[in-house]
Amino acid sequence: PAQDDLEIEKSYQALIDHLTVIIKIVNPQVQFEDGQIALGPAEQLSLGLKIKGNIIDKDNPDKTFENALKEVSKIQDKWCKLNPIADSSIKEKLWKNYKHFLKMFLKESKM
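Now for a description of the structure that goes with this document. Keep in mind the model is a prediction, meaning the values are calculated, not measured. (Residues numbered from 1 in each chain as written. Predicted model: local features only at pLDDT ≥ 70, side-chain atom pairs only at ≥ 80, totals over all residues. Heavy atoms only, no water.)

Take the packing of aromatic side chains next. Applying the stated criterion to the full structure yields six aromatic pairs. Pairing Phe32 with Phe101 gives two aromatic rings, centres 5.7 Å apart and planes at 75°, and the pair type is edge-to-face. On the criterion of sequence distance, the pair formed by Phe32 in the loop between α1 (2-26) and α2 (41-55) and Phe101 in helix α4 (residues 88-109) is long-range, its members being 69 residues apart. For Phe32, a relative accessible area of 16% corresponds to the buried category. Geometrically, the ring pair formed by Trp79 and Trp95 is tilted, given 6.1 Å between the ring centres and 45° between the ring planes. Of this pair, Trp79 sits in helix α3 (residues 61-81) while Trp95 sits in helix α4, and the two are 16 residues apart along the sequence. A network of ring pairs unites the aromatic residues Tyr12, Trp79, Trp95 and Tyr98 as a single cluster. (Phe/Tyr/Trp six-rings, centres within 6.5 Å; stacked < 30°, edge-to-face > 60°. Helix = DSSP H or I, 4+ residues; strand = E, 2+ residues; numbered from the N terminus. Buried < 20%, exposed > 50% of the residue type's maximum accessible area, 1.4 Å probe, protein only.)

Here it is as structure tokens:
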């Protein structure tokens, strides 16, 4: 069971990482606090290169946010479908981080 929780935790963290990269794609100038992001710069860049084609619309910048919102919606769907984590402290930490970055995305989208 502990191993299962570790794998589930990694799945939740991967969704949070994905969300942070979307925030950076929508607003490259956004600054995160030290320790706020689990991914290193190279990992952020790698993930960003993989997903930016689904988000950025060079011909229609307004469409970029709409595409980002679709990606965030996919993340939310995946989040809801993941199995729960038994350890409530880990569960709470992941939820807190996810909510924080979701709020940050919504804030950045209004800029």
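With respect to the element layout, Thr64 can be found in helix α3. According to the relative accessible area criterion, Thr64 is buried, its value standing at 14%. Sequence-distant contacts of Thr64, that is, excluding residues within four places in its chain, are made with Ile55, Ile56 and Asp57. (Contact = heavy atoms within 4.5 Å.)

Moving on to the nonpolar core. Leu19 and Ile22 are the most contacted members of the largest nonpolar core, which has 27 residues in total. Counting residues per element, the ones that place at least two in this core are α1, α2, α3 and α4. The greatest single-element share of this core, amounting to nine residues, is contributed by α1. Aside from chain neighbours lying at most four places away, what touches Ile22 is Ile51, Ile55, Ala68, Glu71, Val72, Ile75 and Phe105. (Core = buried A, V, L, I, M, F, W, Y, C linked by side-chain atoms within 4.5 Å.)

This brings us to α2. Taking 1.5 Å of rise per residue, 15 residues should cover 21 Å, and α2 covers 20 Å from first to last C-alpha, within 8% of that figure. The complete set of buried residues in α2 reads Leu47, Gly48, Ile51 and Ile55. (Expected span 1.5 Å × (residues − 1).)

Along the chain, Leu106 turns up in helix α4. Along the backbone, Leu106 and Leu69 are 37 residues apart, and their C-alpha atoms lie at a distance of 9.1 Å.

A full pass over the atoms with the stated rule returns four salt bridges. Its salt-bridge partner being Lys10, residue Glu7 comes within 3.8 Å of it at the nearest N-O pair. One end of the pair, Glu7, and the other, Lys10, are both in helix α1, three residues apart, so they sit about a helical turn from each other. Using a relative accessible area of 38% as the deciding quantity, one classes Glu7 as partly exposed. Lys74 is the partner of Glu71 in a salt bridge, and the nearest nitrogen-oxygen pair spans 3.2 Å. (Salt bridge = Lys/Arg side-chain N within 4 Å of Asp/Glu carboxyl O.)

With that out of the way, let us pick up α3. Here α3 is 21 residues long and its end C-alpha atoms lie 31 Å apart, about the 30 Å a rise of 1.5 Å per residue gives. What α3 keeps buried is the set Thr64, Asn67, Ala68, Glu71, Val72, Ile75 and Trp79. The arc that holds the buried residues of α3, viewed along the axis, is 140°, so those residues lie on one side. Away from the buried face of α3 by more than 90 degrees, exposed residues Asp62, Cys80 and Lys81 are located. (Arc of directions from axis to C-beta.)

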